[in-house]
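Here's the letter readout for the chains.
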Amino acid sequence: MLLEKIISISGKPGLFKLVSQLKNGFIIEDVTTKKKVSIGNSSQVSLLDNIAMFTFDKEVPLFDVFENIAKNYDYKEAIPHKSSDAELKEFMTASLPDYDTERVYASDIKKLAQWYNILHKAGYITPESFVKAEPETLDGEPATEDVNVEKEAAKKAPKAEKPAAPKVKANSAAKSAPKSTHRKQG
């Protein structure tokens, strides 16, 4: 599932896919109706790819939470977002057992269930959508166990900084030369 182009817009119900960028905004497409509209740069947009859920020891990317929900519900629709708070908490505990109950609110769980169901309805939730791509080596080939470790380490190593330019002393004659002043005559 590619979430990097799926967004939520404050004040607009549903989820949208970024289609293209305009000079003063974006063209978006509703993931369920496929209707395209434009929005301005002033819209408050959240990329689903950048959202994570709090646990007691870390933040779990939304993609991973969706994957847990999909497995729990056999890749079918989850509970409705208008379920009772008790049902939503049970849903969240099954999806992310160690979620931080102090920082994840009922409204967050409702939004999670709603977004999951929207993505399911739009065809984004399938067993194939959660298959992770194989890592590649420097030459673009799939990684194997006998990958040259030195090449990979060199790829990840920070680049050396350029040496600083040598300092040049200003000509002492230039320092003592009088500045010319030009006045407008008029």
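Counting of residues starts from 1 at the beginning of each chain's written sequence and follows it residue by residue. In view of the model being predicted, local features appear only for residues whose pLDDT reaches at least 70, and side-chain atom pairs are presented and counted only at 80 or more, with totals across whole chains, interfaces and linings using the full set of residues. Heavy atoms throughout the structure, all of them, feed into the side-chain values; hydrogens and water do not.

A. Spatial organisation of the packing of helix 1 (residues 62-72) against helix 3 (residues 106-121). To get an axis, fit a line to the C-alpha atoms, keeping to the stretch in contact for a helix; angles then go from 0 to 180 degrees between the N-to-C directions. Where helices and strands are cited, they refer to DSSP runs of H or I of at least four residues and of E of at least two residues respectively, numbered from the N terminus. Interaxial distance between helix 1 and helix 3 falls to 11 Å at its minimum, and their mutual angle equals 75°. With respect to helix 3, the element helix 1 is oriented roughly perpendicular. Seen from helix 1, the contacting residues are L62, V65, F66, I69 and A70; seen from helix 3, they are L112, W115, Y116 and L119. Amino acid classes used here: Ala, Val, Leu, Ile, Met, Phe, Trp, Tyr, Cys and Pro are nonpolar; Asp, Glu, Lys and Arg are charged; the rest, including Gly, are polar. Classifying every residue of the contact of helix 1 with helix 3 by side-chain character gives nine nonpolar, no polar and no charged. Roughly parallel means an angle under 35 degrees; roughly antiparallel means over 145; roughly perpendicular covers 65 to 115; every other angle is labelled oblique. Contacts are residue-level and defined by heavy atoms, with any inter-residue pair within 4.5 Å sufficient.

B. Representation of the packing of helix 1 against helix 2 (residues 85-95) in the model. Between helix 1 and helix 2, the least distance of the axes is 9 Å, while the angle of their chain directions is 105°. One element, helix 1, and the other, helix 2, form an angle in the roughly perpendicular class. Contact residues: helix 1 offers N68, I69 and N72, while helix 2 offers F91, A94 and S95. Class assignment of the residues belonging to the contact of helix 1 with helix 2 gives a composition of three nonpolar, three polar and no charged.

C. Representation of a positive patch on the surface within the structure. A patch consists of residues exposed above 30% relative accessible area that lack any salt bridge, with like charges linked at up to 9 Å and nonpolar side chains (Val, Leu, Ile, Met, Phe, Trp, Tyr) linked at up to 5 Å. Where accessible areas are quoted, they stem from the Shrake-Rupley method and a 1.4 Å probe; at the residue level, only the protein chains shown are allowed to cover. The term salt bridge refers to a pairing of a side-chain nitrogen on Lys or Arg with a carboxyl oxygen on Asp or Glu at a separation within 4 Å. When charges are counted, neither His nor the chain ends are considered; positive counts come from Lys and Arg and negative counts from Asp and Glu. Note that the charge is assigned to NZ on lysines, CZ on arginines, CG on aspartates and CD on glutamates. A grouping of K5, K17, K34 and K36 is seen on the molecular surface, where their side chains present a positively charged patch. One can find K34 in the loop between strand 3 (25-30) and strand 4 (36-40).

D. Layout of the sheet that holds strand 2 (residues 16-22). Pairing within the open sheet is antiparallel, and its five strands lie in the order 4-3-2-1-5. Bordering the open sheet on either side are strand 4 and strand 5 (45-47), each of which pairs with just one other strand. Each strand axis lies, on average, 45° off the axis of its neighbour in the sheet, ignoring direction. In this scheme, strands are said to pair when DSSP sees at least two bridges between them.

What is shown is where atoms sit, not what they do.
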